[in-house]
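Per-entry structural report
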Amino acid sequence: MNDNHPDLLYQRIRDILNAAQIGVSRAVNTTQVVSYWLIGREIVEQEQQGQQRAEYGENLLKDLSRRLTKDVGKGFSYANLKFIRQFYFAYPQLLGDQDKGYAVSSLSDAPFNLSKILQSNPNWQPGQLHPNLSWTHYRRLMRVDNLDARSFYEIEALKNNWSARELERQISSLLFERLAKSTDKAGLMQLATEGQIIQTPSDVFKDPVVIEFLGLPESPRIVESDLETALISNLQTFLLELGKGFAFVSRQERISLEGDHFYIDLVFYHTILKCYILIDLKVGKLNHGDLGQLQLYVNYYDLERCAPDDNPTLGLILCSDKNDAVVKYTLGPNQQTKIFASRYQLHLPTEAELQAELHREMAQLQDRQPPNLEV
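In this text the structure is predicted, and so the values were computed from the model without any measurement.

1. Quick notes on unusual backbone geometry
Following Asp207, the chain continues to Pro208 via a peptide bond in cis, the omega torsion being 10°. The topology assignment puts Pro208 in the loop between helix 9 (185-194) and strand 1 (209-210). The backbone phi angle of Asn161 is positive, close to 55°, even though this residue is not glycine. Tracing the sequence through the fold places Asn161 in the loop between helix 6 (147-159) and helix 7 (164-172). Overall, the relative accessible area of 64% leaves Asn161 in the exposed class. Its identity is not glycine, yet Glu258 carries a phi of approximately 50°, on the positive side. Assignment of secondary structure puts Glu258 in the loop between strand 2 (246-257) and strand 3 (260-270).

2. A look at the pairing of strand 6 (residues 339-345)
Strand 6 sits mainly inside the fold: seven of its seven residues count as buried. Relative to strand 6, strand 1 runs parallel, the two sharing two bridges. Each bridged residue has a counterpart across the sheet, and for Val210 the counterpart in strand 6 is Gln345. Across five bridges, strand 5 (residues 314-321) lies against strand 6 in parallel orientation. Paired with Ile317 across the two strands is Ala341, which belongs to strand 6.

3. Considering the confidence of the model for the chain
This prediction gives the chain a mean pLDDT of 82; 80% of its residues lie at or above 70. Confidence drops under pLDDT 50 across residues 98-104; counting only partners more than four residues distant or on other chains, this segment forms 19 contacts. A low-confidence stretch, residues 368-375 (pLDDT under 50), is modelled with six contacts involving residues beyond four sequence positions or located in other chains.

4. Considering the environment of Phe340
Looking at the element boundaries, Phe340 is found in strand 6. Sequence separation between Phe340 and Lys328 is twelve residues, and the spatial gap between their C-alpha atoms is 10.0 Å. Residues contacting Phe340, with those up to four places away along its chain left out, are Pro201, Ser202, Phe205, Gly315, Leu316 and Ile317.

5. Remarks on the pairing of strand 5
Buried residues dominate strand 5, accounting for six of its eight residues. Relative to strand 5, strand 4 (residues 275-285) runs parallel, the two sharing seven bridges. Note on strand 5: the bridge partner recorded for Asp280 is Ile317.

6. Examining the side chain of Asp280
Tracing the backbone through its elements, the reader meets Asp280 in strand 4. For the buried Asp280, no salt bridge exists, and the shortest N-O distance to an oppositely charged side chain is 8.6 Å, to Lys282. A polar contact of 3.2 Å, which involves the side chain of Asp280, links it to the side chain of Gln293.

7. Focus on the side chain of Asp290
Relative to the assigned elements, Asp290 resides in helix 12 (residues 288-305). Looking at Asp290, the relative accessible area reads 15%, which means it is buried. Setting aside residues no more than four positions away along its own chain, Asp290 makes contact with Lys282, Lys285 and Ile317.

Each value, and the rule that gives it
- Residues numbered from 1 in each chain as written.
- Predicted model: local features only at pLDDT ≥ 70, side-chain atom pairs only at ≥ 80, totals over all residues.
- Heavy atoms only, no water.
- Helix = DSSP H or I, 4+ residues; strand = E, 2+ residues; numbered from the N terminus.
- Buried < 20%, exposed > 50% of the residue type's maximum accessible area, 1.4 Å probe, protein only.
- Pairing = 2+ DSSP bridges.
- pLDDT = per-residue confidence, 0-100.
- Contact = heavy atoms within 4.5 Å.
- Lys, Arg positive; Asp, Glu negative; His and termini not counted.
- Salt bridge = Lys/Arg side-chain N within 4 Å of Asp/Glu carboxyl O.
- Polar contact = N/O pair within 3.5 Å; in protein donor to acceptor, adjacent residues only side chain to side chain.

Structure representation (structure tokens):
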């Protein structure tokens, strides 16, 4: 097709307009964030200079809300002004230090410095303004009290281009706590400063896996096929829960061995680890037979399906319950680096539930050590 074809010209023009729309939207969002931060600072400074009583701040916000709503319009309710004030407290260094050129002294300065703020800042750190985080992002982030967790979510939201809704879901499912519950102090610091770094298979899999988005009831009547169909129907959200690097390949993939047929529930390829990941679904408690079946699938893939440059295949069983000792002694120390078992939860976990899970794992820490085979 000729490059001068009207369809190609139209597509190039659409691409230009789409890019311009994104740029304008980003500028509007960043201007809103900067303005709200400045308003929050003005309110806090006025409160500090005024009478040091709670009713003074409350009356100040109510008066501002009444006057701003009358003169400016919606968006300045008493509740929203409280959020704006809280925003300044939560992000005191949002615009950086003045000597670095990111501080804005007044609202009239904001348009002048906005072009600099919108530029990519190679020295960006959590807690500082980023043009890809909207006011909706920040409203959700500042409700995360744990500063390490908040930093983690900022980094991951930017690295993965999460929408505000996706960020909400990850925070509500306690992603940081699930990744951090079994890590050491150095690993926790890495999560807070660099986000999730995937270097080994154990960095990929979460336990538990939260699939509340399926809307399935906690019922013994659920069968594997129903769970699989629901996951495929909600594949985009399932990929978000699995984490970065997962690419869907197939479902119910058949393996034929001398007339016997086996079916792998879900097959993924991990673009970071450069390997296939086979997922088997188990409704009910995991047993040694389930692990042996997944070992069969993993071994088959390594021998028959992997390309020369693929890394060894990994397997994951998603089950509603498991016995860690059964997993340990069925797999042995070598296979535990290739095959994993995670519980799935059909509801969002509470912090108390995760704390109980952490205590359970710590109690079993000694049991996870390889057995002493000396005679």
